[in-house]
Amino acid sequence: MTQPPLRLLLLGATGAVGQQVLSLALADARVGRVTAPTRRPLPAQARLVNPVVDFRNIDAHAPWWQADAVVCALGTTIKVAGSQQAFAAIDRDLVIATAQWAKQAGATRLALNSSLGASRKGNFYLRTKAEAEDGVRALGYPSLTIVRPSLIDAERDVARPGEVAGLWVARALGPLVPRRYRPVTALRIAQALLEGVLQGLPGEHLLESEQL
């Protein structure tokens, strides 16, 4: 039986990975509508619903939360956020809250962009990513995909010096770098996230960087 087109909620649509997810989703006939809330308007496109919101004061009951599936590509850096607390408010608290609101509105599939090495025993960044994973896991989505990429190889609007340095080293060493730690393109990450929700396989599916 042919499945009806998916109603997709995309969080983080202006980031390097989110932009790729948006482009892929709008070009995929399996997706009937993409709702992408952003702080600034996106260019109008067919099948795109773009509520302009203040994520610090978001309406948890807005009608646009209604979707079949969620791709969460929210994320920042401690430097951009300004503090560890502000970073955690986005990469952990907002991730969990938006996943919860979407599930309450009917979503049954979630794909989350996390990080290689996410662990409660890691540094602050990796602990925060692990806490975000645990938070969405506890919500009980029937289908959950978690993608843990290494360094993201992408052009960014705001350069991330640590990422730039890491990419330079990885490119210089080439095949000497174990596959697990090689940079992954934003497009490849986006493909894994989108396919995770389009397939909607029951249970949890964890994709490590070497699988991308």
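As a reminder, the structure under discussion sits directly above these lines.
Draft legend 1. Spatial organisation of the pattern of salt bridges. All chains considered together, the criterion is met by 14 salt bridges. Between Asp 68 and Arg 7 there is a salt bridge, and its shortest N-O distance comes to 3.0 Å. Of this pair, Asp 68 sits in the loop between strand S3 (48–49) and strand S4 (69–72) while Arg 7 sits in strand S1 (residues 6–11), placing them 61 residues apart in sequence. Of the residues examined, Asp 68 reaches a relative accessible area of 24% and is grouped as partly exposed. According to the relative accessible area criterion, Arg 7 is partly exposed, its value standing at 31%. One salt-bridge network, held together by shared partners, links Arg 92, Asp 93, Arg 120, Glu 131, Glu 133, Asp 134, Arg 137, Arg 148, Glu 204 and Glu 208.

Draft legend 2. Highlighting the environment of Leu 198. Mapped onto the elements, Leu 198 comes out in helix H6 (residues 186–199). Relative accessible area serves as the criterion here: at 14%, Leu 198 is assigned to the buried category. When the C-alpha atoms of Leu 198 and Pro 5 are compared, they prove to be 9.5 Å apart, with 193 residues separating the residues in sequence. Setting aside residues up to four positions removed in sequence, Leu 198 forms contacts with Leu 6, Asp 28, Arg 30, Val 31 and Arg 109.

Draft legend 3. Seen up close, the sheet that holds S4. If you trace the 7 strands from one edge of the open sheet to the other, you get S3-S2-S1-S4-S5-S6-S9, paired in parallel fashion. Looking at the sheet topology across the chains shown, the edges are occupied by S3 and strand S9 (203–208). Taken together, the 4 bridges between S1 and strand S2 (residues 31–35) define a ladder with parallel strand orientation. Pairing of Arg 7 across the sheet is with Arg 33, part of S2.

About the cut-offs
- Residues numbered from 1 in each chain as written.
- Predicted model: local features only at pLDDT ≥ 70, side-chain atom pairs only at ≥ 80, totals over all residues.
- Heavy atoms only, no water.
- Salt bridge = Lys/Arg side-chain N within 4 Å of Asp/Glu carboxyl O.
- Helix = DSSP H or I, 4+ residues; strand = E, 2+ residues; numbered from the N terminus.
- Buried < 20%, exposed > 50% of the residue type's maximum accessible area, 1.4 Å probe, protein only.
- Contact = heavy atoms within 4.5 Å.
- Pairing = 2+ DSSP bridges.

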